[in-house]
Structure formats: structure tokens, C-alpha cells
Amino acid sequence: MKEEKDFKTKFEKGLGYPDAEGFYGRFGGAYVPEILYKCVHDLQEAYLPIIESEDFRKQYHELLKDYVGRPTPLYYASRMSQKYGCKLYLKREDLNHTGAHKINNAIGQILLAKMMGKTRVTAETGAGQHGVATATVCALMNMKCEIFMGKTDVERQHTNVERMRMLGAEVHAVTTGNMTLSDACSEAIRDWCCHPEETYYLVGSTMGPHPYPDIVARMQSVISEELKWQLQEKVGRDYPDYLIACVGGGSNAAGTVYHYIDDDRVRIVLAEAGGHGIDTDHTAATIHCGTEGIIHGARTLVMQTDDGQIEEAFTISAGLDYPGVGPMHANMAVKGREKVFAINDDEAIRAGYELTRMEGIIPAIESAHAVAVLPKMTFRPDDVVVLTVSGRGDKDIETYLNYKL
Ligand SMILES: *Cc1c(COP(=O)(O)O)cnc(C)c1O
């Protein structure tokens, strides 16, 4: 069968977890300017004792339950199951407060920032989803919040800018480079260099210098923690045959797979954004098209020119529009632990409509990339497939409606 050939069932253990220096195989690490050494080192020393403390865990779980609305449902999608010949379950991260999985991470890191005594929070954002999540938790915790966002994105994601301002955040429109997410990250790092003492830089995905990829993966790991007992309840075993998620920087995928990385009964399938196609210049499929390089403090797969200039990513999905990918997924993909599909814009839009019409769930276009994996797979009727719907599509309605299929 197709999948027997495609999927490794024997692999090295520990591929998704960093070593003491923050390396996942040859990816990761902390490549930061000297002025940030101390900040990054302090964070490396502080994060594990804090997030493993009783006090942190209690506050984090209470907020996830009462504020975010967790646990999110694991929903059996019966019509889609029938269509694809498997048992398809949707992990409903779209039902979280603020509309996506990003709030899981923002809640965790704002508690970490508080416990480290920081007074000012900064964040980068592309589509504005992470900016909104960060502005939300800053309002909740009464922290000063400054968001860096490319000017191009400020213009095309206007509602999210207004949400952030309403929540009390200051939004800085970044005018360097292409004026998109990658430039916003660079600007947030520059700002951090200027105010290292009081600032907590709240990174939105499993990217950036060590320990951020590990922090974000741990904060999102609540997704697979819930999957274990939800699957036990629904199918009588605590693991699925397949896990499917979309990957931009890699945080919802990291959370979905976290507690199954070393379980060789579980096959992991990711969808990255192909844009117009991986054989065109208009793509964000970093795992397919990237080469090794350093971006925003980590060694990973990067879309770059031969002389190391970062190339602009292209996809219809603002949340996947990043020319790098988290080091954890770079490592798992090159070692064969994750199978990665590049999903083109039109496939994602079609899949978004399909989920909408068959299950009454309008997914974020990011999440629709994961749905578009289904027709590319061959399942057995008893296969339990868990697909993470990372966010809801309210923000994308115009893009769906204006797209010419
Ligand atoms: C930001 C975003 C993503 C991509 O980020 P990851 O860190 O790869 O998860 C995916 N889906 C939604 C809804 C998002 O907002």
C-alpha cells in the first residue's frame, strides 16, 4: 500500500526535542547579536523551572479552562469520514478565544514574562493573529504591549490592527524590506536589543533562538495532551494512526504531535503552503524549497538566494507566509519522521469550501491546507485520523469569496 512505502515506521527517538544548546539535530540553536546574549541566556535559565512550577501550572491550566475555553472538542466528522474512507476526527482549535491555537502560547508566555518580572511585552505579527493574541493577554495581565507588523500587512489586515488598538496595544508599522512578517520579526529583535532589561519578546511560533521553539512547543503541547484522553474516550485507544496539521512556523503542528513524536504507531503528515506551486517563484513551501541557513536566531531551512539573501514567501494564507520553518520540523522532516505535502492556494481554497459545506465549519485558510491533504492519502477504513483545525475562517471570508477557482 502507498503509505507503507511512504512512511517510516522505525526512526530515531527524540527528534522533536532539543538538546541542551537548543539543537534539533543540526537545526536550531541561538544565533543572536551579542547585546542579546544575556537576555537569551536569562530566559534559557529561567523558563524550565518556571513552567514546571506548581504555581505556573495552576494558573496556566485555570486560564486555559476558564478564559480560553479548553479543552477544545475532538469532533467526529462523519460525512468527511465517509468520503475519505477513514475515521476522521477534527481537533477544534478554531473554538478557542480569539479564534485560533495562538492564544495557548500567548497565555503561557505572558505568565512566564510576569514571573520573570518583565514590564513591557513586544511581539511580531504577520496576519495579526499573534498580535491579537498577545494584545489580549496583555490586557488581561495589565502589561504594556507593543506590536511590530509590516506596513503591507497593516494595510491588508486592517481589522486585526483595530482589534489590537482596541485592546490597548501600540502597533508599529514596519517599513523595511518587503514590509511583511519577516521584516516585523527583524524589527522586534532590533527593539529587543534596545530595551533588553524590561522587555519580554513574546514569540508567536516554534521559531526564533533557543529556548523559544521549545517554550512554544511546550505551551501548545496541551493539544496532544488532550488528544490522549479524548481518543481513549472515543476510540478506546489513546493514539491515532495519523496526525495531520498545517505548518507555518510550526506551533499548531508541534502541539498536535508533541506527545506522539516517539510513538512509531503514529504517522505524522504536515501541510505547508505551496502558493502557486513549488516549481514557481510564488511559494512559501520552505521544507520543499528551502536550504540550510539562519533566520531570526535559528539555523533551519530557509528560502534564500544563493548568496544568502532571504527570499519573500508567497501564499494566499497570511499565517503561513514565512520564508523559514521551526527547527523542530526541519529536523523531523529531513529525518523522515514527518511527511510533508506542499498544498497550493487553489487546493487549500477548495478544501476550505469542502469542510464548510460538508461539516458546517469554516476553517482559517491556514487550516484548510491541512484539510487538502486528505484527498492525497490512502486510508484503511479503520484508520483513526486526527486533523487539527488550527483556526476559524471568519478573518478569511473575503479571501474565500474573492478567489477565482
Ligand atoms: C498563525 C497561524 C498558523 C500558522 O502558525 P503555526 O505556528 O505554524 O501554527 C496556522 N493556523 C492559524 C489559524 C494561524 O493563525
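Computed from a predicted structure; not experimentally measured.

A. Quick look at the overall build of the chain. Broken down by element type, the chain carries 17 helices and 14 strands. If you line up the chain on its principal axes, its C-alpha atoms span 55 × 45 × 40 Å. In the chain, buried positions account for 60% of the 405 residues. Here the analysis covers contacts within the chain between residues at least 6 apart in sequence; of these, 75% occur between residues at least 24 apart. For the chain, the accessible surface area stands at approximately 15900 Å², while carbon and sulfur atoms represent 49% of it. The averaged location of the 57 negative side-chain charges in the chain is 5 Å from the averaged location of its 43 positive side-chain charges.

B. The site of the ligand, seen in detail. As a matter of local geometry, the ligand sits amid 18 residues, with Lys-102, Ser-205, Gly-250, Ser-251 and Ser-390 nearest to it. Measuring from an oxygen atom of the ligand, one finds a backbone N or O atom of Gly-248 at 2.7 Å. Its free accessible area being 380 Å², the ligand has 97% of it covered by the protein chains. Of the residues in the shell around the ligand, the class split is five nonpolar, 11 polar and two charged.

C. Up close: the packing of helix 5 (residues 102-115) against helix 10 (residues 212-220). Contact pair helix 5 / helix 10: the axes reach a minimum separation of 8 Å and the direction vectors enclose 115°. The interaxial crossing formed by helix 5 with helix 10 has right-handed handedness. Between helix 5, through Lys-102, Asn-104, Asn-105, Gly-108, Gln-109 and Leu-112, and helix 10, the contact on the second element is made entirely by Tyr-212, Ile-215, Val-216, Met-219 and Gln-220. In terms of residue class, the contact of helix 5 with helix 10 is made up of five nonpolar, five polar and one charged.

D. View of the side chain of Gln-230. Tracing the backbone shows Gln-230 in helix 11 (residues 222-235). By relative accessible area, which is 6% here, Gln-230 ends up buried. Reaching out from Gln-230, the side chain makes a polar contact with the backbone oxygen of Thr-72 at a distance of 2.9 Å. When near neighbours in sequence (up to four residues on either side) are disregarded, Gln-230 contacts Pro-71, Thr-72, Pro-73, Leu-74 and Lys-91.

E. View of the sheet that holds strand 7 (residues 170-174). Across the sheet, which stays open at both edges, the four strands sit in the order 7-6-5-8 with parallel pairing between neighbours. Either end of the sheet is taken by a strand with one partner, and the two such strands are strand 7 and strand 8 (199-201). Averaged over all pairs of adjacent strands, the angle between their axes in this sheet comes to 25°, without regard to strand direction. Those strands touched by helix 6 (residues 129-141) are strand 5 (120-125) and strand 6 (144-150), and its axis lies near 165° from that of strand 5.

F. Spotlight on the packing of helix 5 against helix 6. At a minimum axis separation of 9 Å, helix 5 and helix 6 run at an interaxial angle of 45°. Relative to helix 6, helix 5 is oriented oblique. Of the two possible hands of crossing, helix 5 and helix 6 adopt the one that is right-handed. Residues Lys-102, Ile-103, Asn-105, Ala-106, Ile-107, Ile-110, Leu-111 and Lys-114 of helix 5 form the contact with helix 6, whose own contacting residues are Gln-129, His-130, Ala-133, Thr-134, Thr-136, Val-137, Cys-138, Leu-140 and Met-141. Here the contact of helix 5 with helix 6 is composed, by residue class, of 10 nonpolar, five polar and two charged.

G. Expanded view of the nonpolar core. Within the largest apolar cluster, 59 residues are counted, with the highest numbers of intra-cluster contacts made by Leu-36, Tyr-60, Ile-107, Ile-110, Met-164, Tyr-200 and Tyr-201. When neighbours within four sequence positions are excluded, Ile-107 is seen to be in contact with Tyr-60, Leu-63, Tyr-67, Val-68, Val-137 and Leu-140. Counting 34 residues, the second largest nonpolar core, distinct from the first, contains Phe-7, Cys-86, Ala-351 and Val-389.

H. View of unusual backbone geometry. Here Arg-70 and Pro-71 are connected by a cis peptide whose omega angle stands at 0°. Mapping Pro-71 onto the fold places it in the loop between helix 3 (54-68) and strand 3 (74-76). The omega torsion across His-210 and Pro-211 is 15°, close enough to zero to call that bond cis. Relative to the assigned elements, Pro-211 resides in the loop between strand 8 and helix 10. In this structure, Thr-98 takes a positive phi of about 75° despite not being glycine. Locating Thr-98 in the fold gives a position in the loop between strand 4 (87-92) and helix 5.

Cut-off values and rules
- Residues numbered from 1 in each chain as written.
- Predicted model: local features only at pLDDT ≥ 70, side-chain atom pairs only at ≥ 80, totals over all residues.
- Heavy atoms only, no water.
- Helix = DSSP H or I, 4+ residues; strand = E, 2+ residues; numbered from the N terminus.
- Buried < 20%, exposed > 50% of the residue type's maximum accessible area, 1.4 Å probe, protein only.
- Contact = heavy atoms within 4.5 Å.
- Areas by Shrake-Rupley, 256 points an atom, 1.4 Å probe, with all protein chains shown as cover.
- Lys, Arg positive; Asp, Glu negative; His and termini not counted.
- Charge placed at Lys NZ, Arg CZ, Asp CG, Glu CD.
- Near = heavy atom within 4 Å.
- Polar contact = N/O pair within 3.5 Å; in protein donor to acceptor, adjacent residues only side chain to side chain.
- Nonpolar A, V, L, I, M, F, W, Y, C, P; charged D, E, K, R; others polar.
- Axes fitted to C-alpha atoms, helices over the stretch in contact; angles between N-to-C directions.
- Left-handed = near helix turned anticlockwise from the far one by under 90°.
- Pairing = 2+ DSSP bridges.
- Parallel < 35°, antiparallel > 145°, perpendicular 65-115°, else oblique.
- Core = buried A, V, L, I, M, F, W, Y, C linked by side-chain atoms within 4.5 Å.

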